Amino acid sequence: MRGATPMVTAATAGITRPHHLVGFGRNVLVGGLALTCHRGYATLPEGAHDVGKLVLSATEKIGLGDNQFAAGGFQLALLGGILAGIRVLGSYALEYLKKRVVVTAEFDSRDESYSWILNWLSDHPYSKTATQFSVSTTIARGAQKINGEGGDSAVSATYFLPAPGLHFFWFKKRLLWLYRERVRPNGSSVATSGAAVENISISTLGRSRVLIQSLIMEAQLKFIDRDKSRTVIFQADQYGAWRRTKSRPKRPLDTIVMDAKLKNYIIDDAKDFFASESWYAERGLPFRRGLLLYGSPGTGKTSFIHALAGELGLNIYVVNLSSKNLSDDTLSELVSDTPSRCLLLIEDVDAAFIQRESKDAATGITFSGLLNAIDGVSAQEGRMLCMTTNHLDRLDEALIRPGRVDVRARFGKATQSQAQELFVKFFPQPVSTDDLTSKPTTAMKKTEALDDGVSGSESHMSGSIDASPISLPPSPKSAINLARQQTEMLAAQFAKAIPDQVFSIAQLQGFLMGYKKTPELAVKHVEEFVRLAGSVEVSGTAKIGHDDNDNENKGEKIQQDTQEDPEKQYYWEGGEEQQKERQKFREEKECERRASLK
Ligand SMILES: Nc1ncnc2c1ncn2[C@@H]1O[C@H](COP(=O)(O)OP(=O)(O)OP(=O)(O)O)[C@@H](O)[C@H]1O
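Cut-off values and rules
- Residues numbered from 1 in each chain as written.
- Predicted model: local features only at pLDDT ≥ 70, side-chain atom pairs only at ≥ 80, totals over all residues.
- Heavy atoms only, no water.
- Helix = DSSP H or I, 4+ residues; strand = E, 2+ residues; numbered from the N terminus.
- Buried < 20%, exposed > 50% of the residue type's maximum accessible area, 1.4 Å probe, protein only.
- Contact = heavy atoms within 4.5 Å.
- Areas by Shrake-Rupley, 256 points an atom, 1.4 Å probe, with all protein chains shown as cover.
- Phe/Tyr/Trp six-rings, centres within 6.5 Å; stacked < 30°, edge-to-face > 60°.
- Disulfide = S-S within 2.5 Å.
- Near = heavy atom within 4 Å.
- Polar contact = N/O pair within 3.5 Å; in protein donor to acceptor, adjacent residues only side chain to side chain.
- Expected span 1.5 Å × (residues − 1).
- Bend = angle between axes of the 7 residues up to and from the residue.

If you had to explain the overall build of the chain to someone new, which residues and values would you point to?
A tally of helices and strands in the chain yields 23 helices and 17 strands. The buried share among the 598 residues of the chain stands at 43%. By sequence separation, contacts in the chain at least 24 residues apart represent 73% of the contacts at least 6 residues apart. For the chain, the exposed surface amounts to about 31,700 Å²; the carbon and sulfur share of it is 54%.

This is the structure in structure tokens:
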């Protein structure tokens with residue numbers, strides 16, 4: 001067979017074959033790859049000739065030299081193996097080389113560090129000039145959104161980030177490159193929409209990690225810095241891990257209307273606690289503190305905890321006991337996973353156990369599970385447990401015993417002085433020199449009259465706007481530009497009309513929201529609001545409720561007097577007439593403002 005088969009010879013192919021390849025070339029032809037292999041081989045670099053020799057001698061050694069088909073197949077397999085080996089080795093070699101000359105840091109969107117990098121990148125000059133960029137209103141990680149922050153403004157915050165792909169940028173006068181890619185998790189489709197996971201890798205030439213580490217540190221500090229003036233809220237996700245859900249600007253304590261002594265007591269107690277770690281350690285006491293806030297809905301329990309967290313510079317970890325994903329184990333894990341200094345907040349602590357009594361309740365935690373989680377051996381030290389409830393009487397004594405709850409505070413409905421304080425905080429007007437030098441307004445005169453014992457209630461509701469005792473003279477400023485003194489007088493009038501401890505601050509705040517820019521009108525309509533609150537249901541701005549919990553409260557009296565269903569919810573908007581009146585009032589004020597500008 002040898003020598004008889006070749007259809008294309010070296011001569012016909014026009015190739016001069018080195019003499020040592022003759023046999024190999026013939027067999028390759030027999031193997032069926034004829035010219036391709038042959039030519040390809042002939043153009044191989046010098047080192048590859050040795051591979052040819054190797055294949056040839058291997059073929060002859062195993063005695064396949066005479067069987068052209070077997071020899072051809074064997075040679076092809078061997079060649080393929082060698083080439084694959086070279087490829088693998090090549091990639092290892094490349095990888096090795098890369099490790100020697102390139103430093104790379106990788107960030108995964110499931111980790112918090114990813115948010116640091118995105119935040120850092122969004123501020124980097126490159127992101128501001130990159131031609132391929134992505135726009136985002138959030139800095140998103142796999143399972144969570146970071147933002148909704150800065151949401152006070154009408155336009156939401158926007159981040160410009162390098163788009164997925166390769167980017168080059170400078171940092172500390174060194175060239176870095178960044179590769180951003182999106183990977184959909186295995187097994188998820190668009191329909192099931194498993195959130196895409198993102199990766200970012202940042203690389204630079206060299207062997208030292210210092211540069212990239214300093215970039216990461218800078219990014220982390222920047223991120224922490226941005227949180228300094230905010231309170232970050234964490235919540236448990238469905239896997240029982242803490243997820244940062246949002247951050248809010250710190251709420252100043254003085255925005256909370258409550259008994260000043262109680263406020264100071266709780267703040268001092270909390271500050272004292274966080275400063276006493278060694279005191280607890282010396283006495284072998286677990287370094288934990290429990291705070292229970294109870295009272296009617298809308299009295300400021302949650303708001304106070306947010307303000308407290310802001311004051312102490314701590315973040316809030318919120319547990320929702322009604323969550324169906326929560327089991328005793330996950331709760332225990334969550335509690336032990338809280339950082340050592342934080343507020344752990346359990347809202348409506350009674351709710352989970354009430355629901356458990358109903359048939360379809362499916363919450364996974366047990367009462368003993370809750371007790372173990374909050375003060376078991378694995379519970380984190382250094383955290384302050386804050387619980388809120390509307391129904392103190394529904395709580396098991398074991399839950400609120402000293403050691404679990406160290407401070408209990410009742411949040412009551414608004415007293416008259418709190419209503420006054422709320423009004424002043426709601427309309428915080430700067431003292432303008434114009435206002436101070438202006439003649440006393442009708443409103444001031446009216447308040448003086450009230451102080452003299454003249455009832456203002458009739459005049460509040462009667463007369464046209466012009467004749468209204470609280471209408472203001474033309475002012476160079478807008479209708480809301482009242483001097484503080486005037487605001488305080490209006491506040492006093494407002495408070496006088498509010499029955500003591502009947503309405504929650506949330507209810508009063510809701511009512512005032514209807515008069516954001518017209519405090520005079522709020523005063524004018526407050527009596528009507530109080531009167532209608534217990535007797536009429538109208539839809540609108542301020543939702544007002546009735547505390548069926550508090551026997552002493554006069555809201556109940558109003559309800560009973562008017563024979564209304566105590567479960568009923570009431571809303572305030574004012575009748576059509578009042579709305580017209582309000583509109584007219586606004587128009588007049590606008591005319592006055594324009595006139596004053598001329
Ligand atoms: N004492 C208060 N001082 C200032 N704002 C208050 C006060 N009470 C209620 N508010 C306002 O009313 C709204 C509801 O308050 P918040 O959620 O704190 O009440 P809560 O007592 O926690 O109610 P719930 O028991 O229903 O959870 C918030 O907008 C808050 O600003």
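Account for the packing of aromatic side chains, with residues named and values stated.
Given two aromatic rings, their pairing is described by the distance between the two centres and the angle made by the two planes. Under the defined criterion, the tally for this structure stands at 20 aromatic pairs. Ring geometry for tryptophan 120 against phenylalanine 171: centres 5.5 Å apart, planes inclined by 80°, an arrangement best described as edge-to-face. Of this pair, tryptophan 120 sits in helix α6 (residues 112–123) while phenylalanine 171 sits in strand β6 (residues 165–171), and the two are 51 residues apart along the sequence. No difference in accessibility class separates tryptophan 120 from phenylalanine 171, as the two residues are buried. Ring centres 4.8 Å apart and planes at 55° place the aromatic pair phenylalanine 423 and phenylalanine 427 in the tilted group.

If you had to explain the state of the cysteines to someone new, which residues and values would you point to?
In this structure the tally under the stated criterion is 0 disulfides. Between cysteine 342, a free cysteine, and cysteine 386, which holds the nearest cysteine sulfur, the sulfur-to-sulfur gap is 9.1 Å. Exposure remark for cysteine 386: the relative accessible area of 0% places this residue in the buried category.

Requested: an account of the site of the ligand, with residues and values cited.
Not every one of the 16 residues close to the ligand is listed here, only the nearest: Val257, Lys301, Thr302, Ser303 and Asn390. Between glycine 298 and the ligand, the recorded distance is 2.9 Å, taken from a backbone N or O atom to an oxygen atom. At 2.5 Å, a side-chain N or O of serine 303 approaches an oxygen atom of the ligand. In isolation the ligand exposes 610 Å². Once the protein is present, 78% of that is buried.

Requested: an account of helix α21 (residues 519–533), with residues and values cited.
Across its 15 residues, α21 extends 19 Å between first and last C-alpha, which sits within 8% of the 21 Å expected from 1.5 Å per residue. Along α21, the helix axis deviates most sharply at histidine 525, where the bend reaches about 45°. Judged by how many residues are buried, α21 sits mostly within the fold: 13 of 15 residues are covered.

Give a description of the environment of glutamate 218 that names residues and reports values.
Along the chain, glutamate 218 falls in helix α8 (residues 210–228). Here glutamate 218 falls in the partly exposed class, since its relative accessible area comes to 36%. Sequence separation between glutamate 218 and tryptophan 116 is 102 residues; the distance between their C-alpha atoms is 8.9 Å. The residues touching glutamate 218, leaving out its near neighbours within four places in the chain, are Trp120, Phe171 and Lys172.

Tell me about unusual backbone geometry, and name the residues and values.
Positive phi, normally seen in glycine, also occurs at lysine 173, with a value near 65°. Within the secondary structure, lysine 173 is located in the loop between β6 and β7 (174–183). With relative accessibility at 79%, the residue lysine 173 sits in the exposed group. Even without being a glycine, aspartate 348 presents a positive backbone phi close to 45°. Tracing the chain through its elements places aspartate 348 in the loop between β13 (342–346) and α13 (351–357). Residue class for aspartate 348 comes out partly exposed when judged on its relative accessible area of 36%.

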